[in-house]
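Descriptive structure summary
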Amino acid sequence: MTGRPRAAHRLPASARRRRRRSAYLGLLAWLCGLLFFVPVAWMVLTSFHSEPDAATNPPSVGAPLTLHGYREFFGQGTGVSPWPPLINSLTASVVSTLLVLALAVPAAYALSIKPVRKWSDVLFFFLSTKMLPLVAGLLPVYLVAQNTGMLDNIWLLVILYTAMNLPIAVWMMRSFLAEVPVEMLEAASIDGAGLHTTLLRIVAPVAMPGIAATALISFIFSWNELLFARVLTGTVAGTAPVFLTGFVTSQGLFLAKVCAAATVISLPVLLAGFAAQDKLVQGLSLGAVK
């Protein structure tokens, strides 16, 4: 009784190499994911520890869990409420993101769909404004805010965050809007649609993944900004990152309380990213495969 040679059931050498390469890349992706996930998981775990357990070296993984750090963050025992800074951060981030989208979409439309000479030079000029160190512009901004009475004003942060995020938003939206089929725009023009109607009913639905990705990145940049918020605000317009730095005092570092505060302050960004993850992936990969 004879059977088929075992070699006939083996994959070709090129296929085996591709399979091994895919397995190695998958393993590398998992390692990179764990590398980014472990510090966040450690921060969340430490936030549920008491201060003595959080300060042990080496850290105590199996220490009893407690909500003391979160109670301290929400003002129990101190009387300091975190809600005003959280509301200030939410206001500055959301309003500036909406303004960025309102300005970036028409600008990107003009650079990507309408014929503009030397559009690459225009985009490079936009990005060149991001090359200036923030510290270099801090003193002029402070003096302008002081002379105009805008210090410790949340709307000053809204204007600054809009100006800071607009260049990168125009750059991103230009690449997204370049993928809009020209035939759809020509058909809308033939039907008599104006610029406002074209942007809202034709361009926006097609480029929605890119708009979502741009909005999320602008929101994250605004929410995490610390330098201008630390210098230009005080007791009224202080943001969540500024409130977080208040836990590091001359009396010491309250690690469990800082981890609890960092966990709470990180939740809005994490929830926004989780809610928009599908459109974020579509937007960031838009145009990658022709």
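Above this text you will find the structure in question.
Read on for a plain summary of the structure. Quick caveat: nothing in here was measured; it's all calculated off a predicted structure.

So, on to a nonpolar patch on the surface. Taken together, the side chains of Leu 27, Leu 31, Leu 34, Phe 37 and Val 38 define a hydrophobic patch exposed on the protein surface, amounting to about 500 Å² of accessible area. Along the chain, the position of Leu 31 falls in helix H1 (residues 13-47). On the basis of relative accessible area, Leu 31 is assigned to the partly exposed category, the value being 49%.

Here we take up a positive patch on the surface. A contiguous patch of positive charge on the surface is contributed by Arg 16, Arg 17, Arg 18, Arg 20 and Arg 21. Locating Arg 18 in the fold gives a position in helix H1.

With that out of the way, let us pick up the side chain of Thr 263. Among the structural elements, Thr 263 can be located in helix H13 (residues 255-275). The class for Thr 263 is buried, based on a relative accessible area of 11%. The residues contacting Thr 263, other than those within four sequence positions of it, are Met 43, Val 44, Ser 47 and Tyr 70.

Note that an α-helix has 3.6 residues per turn; residues three or four places apart therefore point the same way. With 12 residues, helix H9 (residues 195-206) ought to run about 16 Å at 1.5 Å a step, and its terminal C-alpha atoms sit 15 Å apart, in line with that. Buried within H9 we find Thr 198, Leu 199, Val 203 and Ala 204. The buried residues of H9 occupy one face: seen down the axis, they fall within an arc of 145°. Exposed and facing more than 90 degrees away from the buried side of H9 are Leu 200 and Arg 201. In this structure, the buried residues of H9 make contact with helix H4 (83-112), helix H7 (154-177), helix H8 (182-190) and helix H10 (208-224).

Take the environment of Ala 260 next. Examined against the element boundaries, Ala 260 turns out to sit in helix H13. Placed 191 residues apart in sequence, Ala 260 and Gly 69 show a C-alpha to C-alpha distance of 5.7 Å. Apart from residues no more than four positions distant in its own chain, Ala 260 is found in contact with Ser 47, Gly 69 and Tyr 70.

Turning our eyes to something else, we now look at the packing of H1 against H13. Where H1 contacts H13, the two axes come as close as 7 Å, and the packing angle between them is 120°. In terms of orientation, H1 and H13 fall into the oblique class. Regarding H1 and H13, the two cross each other, and that crossing is left-handed. Across the interface between the two elements, Met 43, Val 44, Thr 46 and Ser 47 from H1 touch Leu 255, Ala 256, Cys 259, Ala 260, Ala 262 and Thr 263 from H13. Partitioning the contact of H1 with H13 into residue classes produces seven nonpolar, three polar and no charged.

Burial of nonpolar side chains together is a common tendency in soluble globular proteins. Of all hydrophobic cores here, the largest spans 22 residues; its most connected members are Tyr 109, Met 173, Leu 177 and Val 203. Element by element, the count of residues in this core is highest for H4, at seven residues. If we skip the residues at most four places from it in the chain, Met 173 touches Ala 104, Val 105, Ala 108, Gly 210, Ile 211 and Thr 214. Among the nonpolar cores identified, the runner-up in size contains 15 residues, and Val 158, Leu 160, Met 164 and Leu 232 belong to it.

The rules behind these values
- Residues numbered from 1 in each chain as written.
- Predicted model: local features only at pLDDT ≥ 70, side-chain atom pairs only at ≥ 80, totals over all residues.
- Heavy atoms only, no water.
- Patch = residues over 30% accessible without salt bridge, like charges linked within 9 Å, V, L, I, M, F, W, Y side chains within 5 Å.
- Areas by Shrake-Rupley, 256 points an atom, 1.4 Å probe, with all protein chains shown as cover.
- Salt bridge = Lys/Arg side-chain N within 4 Å of Asp/Glu carboxyl O.
- Helix = DSSP H or I, 4+ residues; strand = E, 2+ residues; numbered from the N terminus.
- Buried < 20%, exposed > 50% of the residue type's maximum accessible area, 1.4 Å probe, protein only.
- Lys, Arg positive; Asp, Glu negative; His and termini not counted.
- Charge placed at Lys NZ, Arg CZ, Asp CG, Glu CD.
- Contact = heavy atoms within 4.5 Å.
- Expected span 1.5 Å × (residues − 1).
- Arc of directions from axis to C-beta.
- Axes fitted to C-alpha atoms, helices over the stretch in contact; angles between N-to-C directions.
- Parallel < 35°, antiparallel > 145°, perpendicular 65-115°, else oblique.
- Left-handed = near helix turned anticlockwise from the far one by under 90°.
- Nonpolar A, V, L, I, M, F, W, Y, C, P; charged D, E, K, R; others polar.
- Core = buried A, V, L, I, M, F, W, Y, C linked by side-chain atoms within 4.5 Å.

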